[in-house]
Amino acid sequence: MKITICGGGALGSHVLYLSRSLSNARFGVIDNDRVETKNLAAQWFVKPMLGKNKATALKLQMANFFGCAIDASPVRLSKVNMQELLGSTDLVVDCFDNGASRQLIQDFVRETSTPCVHAGLAADGTFGAVRWDRDFVIDHEPVEGQATCEGGAFLPLIVQASVSLVEAIRTFQTERSETNWNIRPGRTEKLET
Amino acid sequence: MKSATINITYQGLSANYLTPLPKNASDAMIRRVCEEAIRGGEVPELPRAIPANAFAAHVVDRFQGAKNQFIVRPQVPFG
């Protein structure tokens, strides 16, 4: 199964790290952003990756730490390259941090009937959600460019949400079931929908 | 009218509230129901002293399953 993670930031980097042992999965990651010092507190990047593209950095870390090969696409996802980047994907995992990119993904997966699971975090770090596309409402960031759960204080919630997202991927891979999750600090709830 | 479960998350706390509500209730109506129920003490897990329009920026999730269920949650734009 080819699984493409869109966004290699707080959620995307941890999901990749936590999913590495899933069997029969080939991962790809798309991100055009670079690793900055502020990212080191809450995203899965080591210091030598500073300045590198996030997708490239994740590819290097997965190879160096675990001997895992992944596909890295260090580009911005757009309507122009969408088919090329997602056309052969069996599952899209949306970990982007902006509504416009999430909308691009939603339009594509609905048009092509590609399975897709989305995950997001509240700006104040009090809530996270994992939703399969048919039940997903896109939330646009209230103020463009505002802080996005970057501090280390949010790391526990980020990891909680990432674990739930990996579980959603695993159950889809093994049982073809689509599970939605609510995540609050210290508590993760699988929704009976 | 069919009973609906509203799962409400507010400032890191969460609770379920059971109330008669049609499946096609508007987002605005659901937000208003939540606010009045909490202020009226019908959702003891959440603090009663919430400001007016406390859920104005919250999202109402609806699910395509058979259950009459709504989730009122903070926005989650970041990943």
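Residues numbered from 1 in each chain as written. Chains lettered and ligands numbered in written order. Predicted model: local features only at pLDDT ≥ 70, side-chain atom pairs only at ≥ 80, totals over all residues. Heavy atoms only, no water.

### Here we look at the interface of chain B and chain A
Contacts between the two partners involve 22 residues from chain B and, on the opposite side, 34 residues from chain A. If you sort the residues of chain B by the area they bury against chain A, B:V76, B:F78 and B:G79 come out on top, with a joint share of 34%. For the interface between chain B and chain A, the tally reads two salt bridges. Between B:R73 and A:D139 there is a salt bridge; the shortest N-O distance is 2.7 Å. Taken together, the connections running from chain B to chain A amount to seven residue pairs in polar contact (both at pLDDT 80 or more). Every element with two or more residues in the side of chain B that touches chain A is listed here: β1 (3-10), β2 (13-20), β3 (59-62) and β4 (69-73) of chain B. Grouping the constituent residues of the side of chain B that touches chain A by class yields nine nonpolar, nine polar and four charged. (Contact = heavy atoms within 4.5 Å. Buried area = accessible area lost by both parts, 1.4 Å probe. Salt bridge = Lys/Arg side-chain N within 4 Å of Asp/Glu carboxyl O. Polar contact = N/O pair within 3.5 Å; in protein donor to acceptor, adjacent residues only side chain to side chain. Helix = DSSP H or I, 4+ residues; strand = E, 2+ residues; numbered from the N terminus. Nonpolar A, V, L, I, M, F, W, Y, C, P; charged D, E, K, R; others polar.)

### So, the side chain of A:T89
Residue and element names in this part refer to chain A. Relative to the assigned elements, T89 resides in the loop between α3 (82-86) and β4 (91-94). One polar contact links T89 to T4, side chain to side chain, over a distance of 2.7 Å. In this structure, T89 is in contact with K2, T4 and T114, ignoring residues within four places of it in sequence.

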